[in-house]
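# Topology and contacts: notes
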Amino acid sequence: MDHSRHEHSTQHTGAHHAGTHDHGTQHTGAHHSGTTWATAVKATLHCLTGCAIGEILGMVIGTALMWGNVPTMALAISLAFVFGYSFTLFAVVRAGVSLKAAIKVALAADTVSIAVMELVDNGIIALTPGAMDAHLSDGLFWYALLGGFAVAFVITTPVNKWMIGRGKGHAVVHAYH
């Protein structure tokens, strides 16, 4: 049985929205266990995009304003969460979900993924000698940042696969696609 087709075909039945299950699409929990690496990679890339935009913007703003490392990093992490959530939020609202419900979906879908990504990425930046003091024009700044994103992607993808496989994380968004 093609689990990816089964997964997709049961997502749009309305059963998720009504809180009831049609016998033809009843979930046993087994259908999520067939989550593919491709699905996890796609979810992680989605998260990485929002995180990267927010984090780079935060670093640029903090550096331009000549803030210290801690406030700059706090801004970058905050914006990573804002942009990470906003990608999901806009997609779910566009699908016809109320803003209040869409916020709940975005929080459920992305919080763990963004948190893991930010912890790993910022940990690498903080542990790379000289990276915290590098300027935007320094190669070290960009190598540490992009290297941190790459490592965060590798670590976050299995986390997302595990969560999606259990109907959590980015799996909650799939009902609205």
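Structural data are supplied above this passage.
All of the points below concern the structure found in this document.

About the thresholds
- Residues numbered from 1 in each chain as written.
- Predicted model: local features only at pLDDT ≥ 70, side-chain atom pairs only at ≥ 80, totals over all residues.
- Heavy atoms only, no water.
- Helix = DSSP H or I, 4+ residues; strand = E, 2+ residues; numbered from the N terminus.
- Buried < 20%, exposed > 50% of the residue type's maximum accessible area, 1.4 Å probe, protein only.
- Contact = heavy atoms within 4.5 Å.
- Areas by Shrake-Rupley, 256 points an atom, 1.4 Å probe, with all protein chains shown as cover.
- Core = buried A, V, L, I, M, F, W, Y, C linked by side-chain atoms within 4.5 Å.
- Axes fitted to C-alpha atoms, helices over the stretch in contact; angles between N-to-C directions.
- Left-handed = near helix turned anticlockwise from the far one by under 90°.
- Nonpolar A, V, L, I, M, F, W, Y, C, P; charged D, E, K, R; others polar.
- Polar contact = N/O pair within 3.5 Å; in protein donor to acceptor, adjacent residues only side chain to side chain.
- Phe/Tyr/Trp six-rings, centres within 6.5 Å; stacked < 30°, edge-to-face > 60°.
- Lys NZ or Arg CZ within 6 Å of the ring centre and 35° of its normal.
- 1 Å grid on protein atoms, 1.4 Å probe; cavity = no way out; pocket = protein on both sides within 12 Å on 5 of 7 lines; lining within 4 Å.
- Points joined across faces, edges and corners; volume = space filled by probe spheres on them.

### Let's talk about the overall build of the protein
In terms of regular secondary structure, the protein is built from seven helices and zero strands. Expressed as a percentage of the 177 residues in the protein, the buried residues total 39%. Taking all contacts inside the protein whose residues are at least 6 apart in sequence as the whole, residues at least 24 apart take part in 70%. Approximately 9500 Å² of the protein is accessible, and the part contributed by carbon and sulfur atoms is 69%.

### What to know about the nonpolar core
Cys 51, Val 92, Met 117 and Ile 125 are the most contacted members of the largest nonpolar core, which totals 30 residues. Mapped by element, the contributors of at least two residues to this core are α4 (37–64), α5 (69–94), α6 (99–127) and α7 (139–165). Top contributing element to this core by residue count: α6, with nine residues. Once residues lying within four places of it in the same chain are set aside, the contact partners of Ile 125 are Glu 55, Met 59, Met 73, Ala 131, Met 132, Ala 144 and Leu 145.

### Section: the packing of α4 against α5
Relative orientation of the contacting elements α4 and α5 amounts to 145°, with a least axis distance of 7 Å. With respect to the hand of their crossing, α4 and α5 are arranged in right-handed fashion. Of the residues assigned to the contact of α4 with α5, the class counts are eleven nonpolar, ten polar and one charged.

### A few points about the side chain of Thr 72
Topologically, Thr 72 is positioned in helix α5. In this structure Thr 72 comes out as buried when scored by relative accessible area, which is 6%. A distance of 2.8 Å separates the side chain of Thr 72 from the backbone oxygen of Gly 68, its partner in a polar contact. When sequence neighbours within four positions are dropped, the list of residues in contact with Thr 72 reads Gly 58, Met 59, Gly 62, Thr 63 and Trp 67.

### Here we look at unusual backbone geometry
Phi is positive for Met 66, which is not a glycine, with a value near 60°. Within the element layout of this structure, Met 66 appears in the loop between α4 and α5. On the basis of relative accessible area, Met 66 is assigned to the exposed category, the value being 74%.

### With respect to the packing of aromatic side chains
Within the structure shown, the criterion is met by two aromatic pairs. Arranged with centres 4.8 Å apart and planes meeting at 85°, the rings of Phe 141 and Trp 142 form a pair that is edge-to-face. In this structure Trp 142 comes out as partly exposed when scored by relative accessible area, which is 29%. Sitting above the plane of the Trp 37 ring, Lys 161 keeps its charged end 5.1 Å from the centroid.

### Let's talk about the environment of Asp 121
Mapping Asp 121 onto the fold places it in helix α6. Taking C-alpha positions, Asp 121 is 10.0 Å from Ile 77, a pair spaced 44 residues apart along the chain. Filtering out sequence-adjacent residues up to four positions away, Asp 121 remains in contact with Glu 55, Leu 145, Gly 148, Phe 149 and Ala 152.

### Digging into the layout of surface pockets
If a probe as big as a water molecule is rolled over the atoms, it shows which places are left empty. The calculated volume of the second largest pocket comes to roughly 280 Å³. Thr 63, Asn 69, Thr 72, Met 132 and Ala 134 are the residues nearest the centre of the second largest pocket, which is lined by 17 residues in total. At the level of secondary structure, the elements contributing two or more residues to the lining of the second largest pocket comprise α4, α5 and α7. A per-class count over the lining of the second largest pocket returns ten nonpolar, six polar and one charged.

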